[in-house]
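Listed here are the chains, written in short residue letters.
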Amino acid sequence: DSSTSRGLGDVYKRQLRQDRFSPLHDWQQALLIFAVSGGYADKVEADDLNDFSSQLFSWFITKEPALTETLKTGRKLDDDTRAALHAALTAFAEAL
């Protein structure tokens, strides 16, 4: 419904808001969109979105370096990469 759409749009806007002097890299933006649209940030309070993002990026860099490098290429995600992203995001969400 429209209220859900507006709410999801607000989450996207908050998640992708960038500091003036420390913009997000393309791979970080893609990962955030994937995480938010996949429901992995549903339980995160609005005030905690920045912490969520920082933890997400750190977790992917340390725990999923190959997947992070794949995201950095900017290429279209194939089915295997999407499945790996879902699995990694599930593990990340469970670790929170």
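Between its first and last C-alpha atoms helix α3 (residues 49-63) spans 20 Å; for 15 residues at 1.5 Å apiece the expected length is 21 Å, and the two agree. Listed in full, the buried residues belonging to α3 are L49, F52, S53, L56, F57, W59 and F60. On an axial view of α3, the arc spanned by its buried residues comes to 165°, and they lie on one face. In α3, the exposed residues that point more than 90 degrees away from the buried face are N50 and T62.

Here we come to helix α5 (residues 79-95). Between the first and last C-alpha of α5 there are 24 Å, a value that for 17 residues agrees with the 24 Å anticipated at 1.5 Å per step. Those residues of α5 hidden inside the fold are in contact with α2 (26-37), α3 and α4 (65-73). Two or three places before D80, at the start of α5, stands the capping residue D78, its side-chain oxygen 3.2 Å from that residue's backbone nitrogen.

What follows concerns the packing of aromatic side chains. This structure, assessed with the given rule, holds four aromatic pairs. Both rings, one in W27 and one in F57, keep their centres 5.8 Å apart while their planes meet at 65°; by these two values the pair is edge-to-face. With a gap of 30 residues between them, W27 in helix α2 and F57 in helix α3 connect regions that are remote in the sequence. Residues W27 and F57 agree in their burial class; the two are buried. Among the aromatic residues, those joined into a ring-pair cluster are F52, W59, F60 and F92.

A few words on the pattern of salt bridges. Under the criterion given, the structure shown has one salt bridge. With a closest N to O distance of 3.5 Å, E69 and K72 form a salt bridge. Pair noted here: E69 and K72 are both in helix α4, with a separation of three residues, about one helical turn. Among the residues examined, K72 registers a relative accessible area of 45% and is labelled partly exposed.

Cut-offs and rules
- Residues numbered from 1 in each chain as written.
- Predicted model: local features only at pLDDT ≥ 70, side-chain atom pairs only at ≥ 80, totals over all residues.
- Heavy atoms only, no water.
- Helix = DSSP H or I, 4+ residues; strand = E, 2+ residues; numbered from the N terminus.
- Expected span 1.5 Å × (residues − 1).
- Buried < 20%, exposed > 50% of the residue type's maximum accessible area, 1.4 Å probe, protein only.
- Arc of directions from axis to C-beta.
- Contact = heavy atoms within 4.5 Å.
- Polar contact = N/O pair within 3.5 Å; in protein donor to acceptor, adjacent residues only side chain to side chain.
- Phe/Tyr/Trp six-rings, centres within 6.5 Å; stacked < 30°, edge-to-face > 60°.
- Salt bridge = Lys/Arg side-chain N within 4 Å of Asp/Glu carboxyl O.

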